[in-house]
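Listed here are the chains, written in short residue letters.
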Amino acid sequence: MSDKKSIELYVKPAGGWDALRSSWQALRDQQVVMKGAGTLLHANQPRGFDCPGCAWPDRNPHSTFEFCENGVKAVANEATSRRVTPAFFAQHTVAWLNEQDDRFLEAQGRLTEPMRYDAASDTYRPIAWTDAFATIANALDALASPDEAIFYTSGRTSNEAAFLYQLFVREYGTNNLPDCSNMCHEASGVALTEQLGSGKGSVTLEDFEQAQAIFIFGQNPGTNHPRMLGELRGAARRGCRIVAFNPLRERGLERFANPQSPADMLAGTSTQLASEYYQPRIGGDLAVATALCKVVIESGAVDHAFVEAHTHGYEDFAASVRATPWEALERESGLSRADLEQAGRTYLASDATIVCWGMGITQHPRSVATIQMLANLLLLRGNIGKPGAGPCPVRGHSNVQGDRTMGIYEQPSPAFLDRLGAAFDFAPPRTHGYDTVAAIEAMSDGRAKVFFAMGGNFAAATPDTARTHAALRRCDLTVHVSTKLNRSHLVHGRDALILPCLGRTEIDLQAAGLQAVTVEDSMSMVHLSSGMNPPASTLLMSEPAIVAHLAVAVLPRSRTPWLWLVEDYDRIRDRIAQVIDGFDDFNARVRTDGGFHLHHPGRERVFPTRSGKAGFFAHALDGRDAQADVLQLMTVRSHDQYNTTVYGMDDRYRGVHGLRRVVFISRADLERLDLRDGEHVDIASVWHDGERVVRDFRLVEYDIPAGCLAAYFPETNPLVPLDHHAERARTPASKSIPVRLRRSAA
Ligand code: SF4
């Protein structure tokens, strides 16, 4: 683990030998070279485990090495030989631990047994599982209403655990089920459900082999979904046009050397991915998508047969686009008319186009409008419900889509609650619950007093850090189900518990024998995952078992056979099949190689919307003028990071080594603001309720449009005001934060 601090331009393609070196280093850092290598051979394999990293689907048939560099980091950190034992906690006060950075906390290893916070010593002390569950039951019993409790879910939670968890929470009496979807693709769900009748993408991996063009907006696959580069490489090599829109120049969108290709590795060859790369300004994607629609409409090449048969609202939409002047589209997108028309021509030249997007689209105030404009673009040319075409929101966490499918949602549909109530013989609560932003508000003002998190790192992942931390500390009890030590354990309520669970790579033995769980990837493939390593400690419990024992402690009069269900997870899956659409015969279908695809009606050009048709939605441009001294900041991940998990201090593709408090800025803004590359600044966000400041960031000159900045989270999450979120979806707008720069005090 070298901490050489430097900024050096990276000239190599993504992947290649450096990806192998970094993977090897990750295994060495966690002292699991042999164990890790053996474990990786089971990663994303039919009878193996699902990588605890991102939600990118697995190829079928599978290759032997079905993992990427960042998958190696995720697996190495889970299989690590390091342990966070009671002795570790006894030696380190929470106050001291809270002074350490996120990389340090992550590097301490796996939790080994349940721990309870002891205020007198400011340390965590061991507690027996039964006492831990009793403590939670007492705290929940003491509440005036179940709505004073919040039950958060991170996207790593398996389908079986998520289904039992939502059932437990609803039997307890609330819909307060915020999840990490609220902070990532909520806007995709809101936009697509209204427009197409399903909040999910309709594309499968096979479509990437048939697409004639792939448009990628606000996504950095080289770091966040690295195996996607394999699909893009295959597509580019067969002549598919790849068009990227991203304010930052990302190596993973430019060039890729496939570590699994002998030619690339021995001959040093690589493949150019994006044939066109455009750098709109932050928040300019709505104007970009509108401009592309304008090119199509004004070219006369609209697929009118599809539009008439399958959509509504075209005429009003087309009129609003025709009326949008090019001058406004150029100003708001930050791109020239020539560039926008070129990208439009590339779109028109394709009869089968996939549109992909990530957080660079969803974490903005107008994200729902932007996503609907991207879907408008697809509808204009009938690019849905045919091979090689469709919307492809690329999800982050490995089972974030599955959790939502299982009912982890603060706004459940009446039909879902009817089926759940009928299957488990109880009356589910009907009042919608808190999403992530509302949960923080409720803890802030005391309406919520107990916070329970199934995985994740809420204190680091959320916006408005100072306010969120104060809200968590105001709770009577905070509980975290986790595999490793993280910030959220240190930002705790008056009472606090850490409940350590099994990891994806570990053997899950229940009364009926070895158990497998299921996950749903970003393209709606549901498949099995079972671990093969001995658990990191004999005192760990599986997530489903934790929920079952908790439910028994909290709901003594429940008629649900909780402990019987977790003896054999097939029993949970049978209940899922009873309640959730598309899971008939679940246990048999999921045992086929690779699992099964959850039906997406759009693939048959069926759009279960209010009108029964896909809808065109017009959205006006912002028309706002930027203040000269206010720049737009987007939070990003480094290459050695997965969500808030910091594996290392390097960001190889952007040339950053050993540093995290850096801010990427254009040469034009350095000159305009009379600042120097390498100089240190404070970043202050500009908001109606005052300033939020993060200090001492090193300026790094980078290829980014003028007026735009980028810096890593969670370090810049303190700058994101809680009420700065997407319209309708309430996704924190972490990708467009208005800020000013000031020289740091020496
Ligand atoms: S692409 Fe994602 S799911 Fe696949 S190995 Fe890499 S991190 Fe894991």
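A quick note: this is a predicted structure, and the numbers were derived from the prediction, not measured.

**Quick look at the sheet that holds strand E2 (residues 14-15)**
Overall, mixed pairing links the 3 strands, which are arranged E2-E10-E11 in an open sheet. Where the open sheet ends on each side, the last strands, each with one partner, are E2 and strand E11 (271-272). The pairing of E2 with strand E10 (residues 255-257) spans 2 bridges and is classified as parallel. From the neighbouring strand, Gly15 faces E10, where its bridge partner is Ala257.

**Comments concerning helix H17 (residues 314-322)**
Listing the buried residues of H17 in full gives Tyr314, Phe317, Ala318 and Val321. Considered in projection along H17, the buried side chains sweep an arc of 95° and stay on one side of the axis. In H17, the exposed residues that point more than 90 degrees away from the buried face are Glu315 and Asp316. Against helix H15 (285-299), helix H16 (304-310), strand E13 (311-312) and helix H21 (367-380) lie the buried residues of H17.

**Let's talk about the side chain of Thr290**
Within the element layout of this structure, Thr290 appears in helix H15. When its relative accessible area of 2% is taken as the criterion, Thr290 is described as buried. Excluding residues within four positions of it along the chain, Thr290 makes contact with Val321, Thr324, Leu329, Met373 and Leu621.

**Section: a nonpolar patch on the surface**
Judged by side-chain polarity, Trp17, Leu20 and Leu266 come together as a nonpolar surface patch covering roughly 350 Å² of accessible area. With respect to the secondary-structure elements, Leu20 resides in helix H1 (residues 16-29). Looking at Leu20, the relative accessible area reads 37%, which means it is partly exposed.

**Focus: the UniProt feature "domain: Molybdopterin oxidoreductase" (unreviewed entry) in the protein chain**
Cross-referencing UniProt, the feature "domain: Molybdopterin oxidoreductase" (unreviewed entry) maps to residues 110-481 in the present numbering. Taken end to end, residues 110-481 comprises 47% helix and 15% strand; its first and last C-alpha atoms sit 12 Å apart.

**Thoughts on the nonpolar core**
Grouped together as the largest cluster of nonpolar side chains are 63 residues, with contacts concentrated most on Leu140, Phe151, Phe168, Phe452 and Leu499. Leu499 has contacts with Pro114, Trp129, Ala132, Ile136, Phe452, Val479, His480, Val481, Ser482 and Ile546, leaving out every residue within four places of it along the chain. Counting 55 residues, the second largest nonpolar core, distinct from the first, contains Val355, Ile361, Leu374 and Leu621.

**Observations regarding the environment of Glu691**
Residue placement: Glu691 occurs in the loop between strand E30 (680-685) and strand E31 (692-701). Measuring from C-alpha to C-alpha, the distance between Glu691 and Ala95 comes to 26 Å, with 596 residues separating the pair along the chain. Apart from residues no more than four positions distant in its own chain, Glu691 is found in contact with Ala684, Ser685 and Arg742. Only 2.9 Å separates the side chain of Glu691 from the side chain of Arg742, close enough to count as a polar contact.

Basis of the calculations
- Residues numbered from 1 in each chain as written.
- Predicted model: local features only at pLDDT ≥ 70, side-chain atom pairs only at ≥ 80, totals over all residues.
- Heavy atoms only, no water.
- Pairing = 2+ DSSP bridges.
- Helix = DSSP H or I, 4+ residues; strand = E, 2+ residues; numbered from the N terminus.
- Buried < 20%, exposed > 50% of the residue type's maximum accessible area, 1.4 Å probe, protein only.
- Arc of directions from axis to C-beta.
- Contact = heavy atoms within 4.5 Å.
- Patch = residues over 30% accessible without salt bridge, like charges linked within 9 Å, V, L, I, M, F, W, Y side chains within 5 Å.
- Areas by Shrake-Rupley, 256 points an atom, 1.4 Å probe, with all protein chains shown as cover.
- Salt bridge = Lys/Arg side-chain N within 4 Å of Asp/Glu carboxyl O.
- UniProt positions renumbered as here; feature names shortened; annotations may be inferred.
- Core = buried A, V, L, I, M, F, W, Y, C linked by side-chain atoms within 4.5 Å.
- Polar contact = N/O pair within 3.5 Å; in protein donor to acceptor, adjacent residues only side chain to side chain.

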